Amino acid sequence: MFTPAAIALIGTTFVASAVEVVEAFTIVLAMGVTRSWRAAIVGAIAAFAALVVITAIIGVSLKDLVSESVLQLIIGTLLLIFGLQWLRKAILRSSGLKALHDEDETFREEQAAARAAGRETRMGLDWFAFVVSFKGVFLEGLEVVFIVITFGLAAMNSDTARVENGMWFAAAGAVIAAVVVLLAGAIAHKPLSAVPENAMKFAVGLLLSTFGTYWTAEGLGYFSPKQNSLHWYGAGDIPWPILGIFLAWLLLSRIAVSGLRQLPAARRAVVARDAAATAADLKPLATPATAG
Amino acid sequence: MGFITGFFRFWYDFIIGDAWDIAAGIVVVLVVGALLAQADVLVEQQLTLLIGAGIVLVVASSLYFEAQRRGRSA
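Residues numbered from 1 in each chain as written. Chains lettered and ligands numbered in written order. Predicted model: local features only at pLDDT ≥ 70, side-chain atom pairs only at ≥ 80, totals over all residues.

Participant: An account of the overall build of chain A is needed here, citing residue identities and associated values.
Facilitator: In terms of helices and strands, chain A carries 9 helices and 2 strands. N-terminal to C-terminal, the α/β element order of chain A is α-α-α-α-β-β-α-α-α-α-α. Principal-axis analysis of the C-alpha atoms places the extent of chain A at approximately 75 × 55 × 35 Å. With 292 residues in all, chain A has 45% of them scored as buried. (Helix = DSSP H or I, 4+ residues; strand = E, 2+ residues; numbered from the N terminus. Buried ≥ 20, exposed ≤ 12 C-beta atoms within 10 Å, placed from the backbone.)

Quick look at the structure:
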């Protein structure tokens, strides 16, 4: 039951989902602390319910109503949509051209917006907190839904690494991620800024782009005269094409990061980032000396 | 009106985000790939390789133009 492929599937959806749950948690926490816990939690639960319905509808229709090659094309395109966006942002962040995602900063921005907003009550709820929580959880959750569906269906239809009940394993990875993040958040009671989100997004972006490229190319076979899935060079029991595509994306990423770091704007940003990190590292050491 | 623009903005941000050039490039690769598959002029392994290379090229050129843009604005 827990084959290596199934464990890899759970691990992938766990990491991908954890990043999104951390972001959603920050938004709900900011609304709860600043406005109303009741409205924030009801908003999060309502968004979760909407996501469950969407997952059921999309999952069933994709699985039962379309052919294998169309399924591959849809899965591949969805994976590419997210994967390439994540990978591009990760490359720009690593090179210094884009600010690193900072949950503390996001938390402060959300709190400032919450304080500035007027108070409006609907259905007995603080409407601003409800709407912001709902949108935050729904938007981040929708990405989780697509990741779970695409990886779940991909594993169930794979020739080389098939996972029976792959959808359940993929969903389990996401649920475990949600439980772990919420437990950690409840204990810490602050934004989970220590989670290495940027590194995780880089890794997940690479994986999503790899599988997206693989499945999209195979799925385009739907337009061929036989309407069968296309195959890659080296396809067989060992998934060499997937490994090759992964290495191609990794190589492109490393070259892009190295090249972009040479830009003056990136150099200045990296120097400023390093200085800020050094200042943050020295802060605890400076406190006793100052106190003494 | 606000609901409609909000609805489309949500899906635009969700699917295209801040890299419209990548989304447009992928659409071009998909259309060209579909036409080549329909024409049946390449061995399927050549076609998958070509599509994969096309997707990588789209991202590489998007990053290249991003670097050019940032270089000019610096």
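Participant: How would you summarise the overall build of chain B if you had to cite specific residues and measurements?
Facilitator: Looking only at helices and strands, chain B features 3 helices and 0 strands. N-terminal to C-terminal, the α/β element order of chain B is α-α-α. Scaling as 2.2 N^0.38, a compact globule of 74 residues should have a C-alpha radius of gyration of about 11 Å, whereas chain B reaches 17 Å, well beyond that. Structurally, chain B occupies a C-alpha span of about 50 × 40 × 15 Å along its principal axes. When the 74 residues of chain B are sorted by exposure, 24% land in the buried category. (Rg over C-alpha atoms; globule rule 2.2 N^0.38 Å.)

Participant: Just give me the short version of the nonpolar core, but keep the residues and values in it.
Facilitator: Residue and element names in this part refer to chain A. Formed by 94 residues in total, the largest nonpolar core has its most connected members in Val-28 and Val-148. By residue number, the principal contributor to this core is helix α5 (residues 127–156), which donates 17 residues. Those residues in contact with Val-28 that sit more than four places away from it in its chain are Ala-40, Ala-44, Ser-133, Gly-136 and Val-137. (Core = buried A, V, L, I, M, F, W, Y, C linked by C-beta atoms within 7 Å. Contact = placed C-beta atoms within 7 Å.)

Participant: Got a sec to walk through the interface of chain B and chain A? Specific residues and values, please.
Facilitator: Each side of the interface is counted separately: chain B has 28 residues, and chain A has 30 residues. Looking at the side of chain B that touches chain A, the elements with two or more residues in it are α1 (2–15), α2 (20–39) and α3 (44–73) of chain B. Tallying contributions element by element places α3 of chain B first for the side of chain B that touches chain A, with 16 residues. Its residues assigned to classes, the side of chain B that touches chain A comprises 17 nonpolar, 8 polar and 3 charged. (Nonpolar A, V, L, I, M, F, W, Y, C, P; charged D, E, K, R; others polar.)

Function cannot be read off these values alone, since they describe shape.
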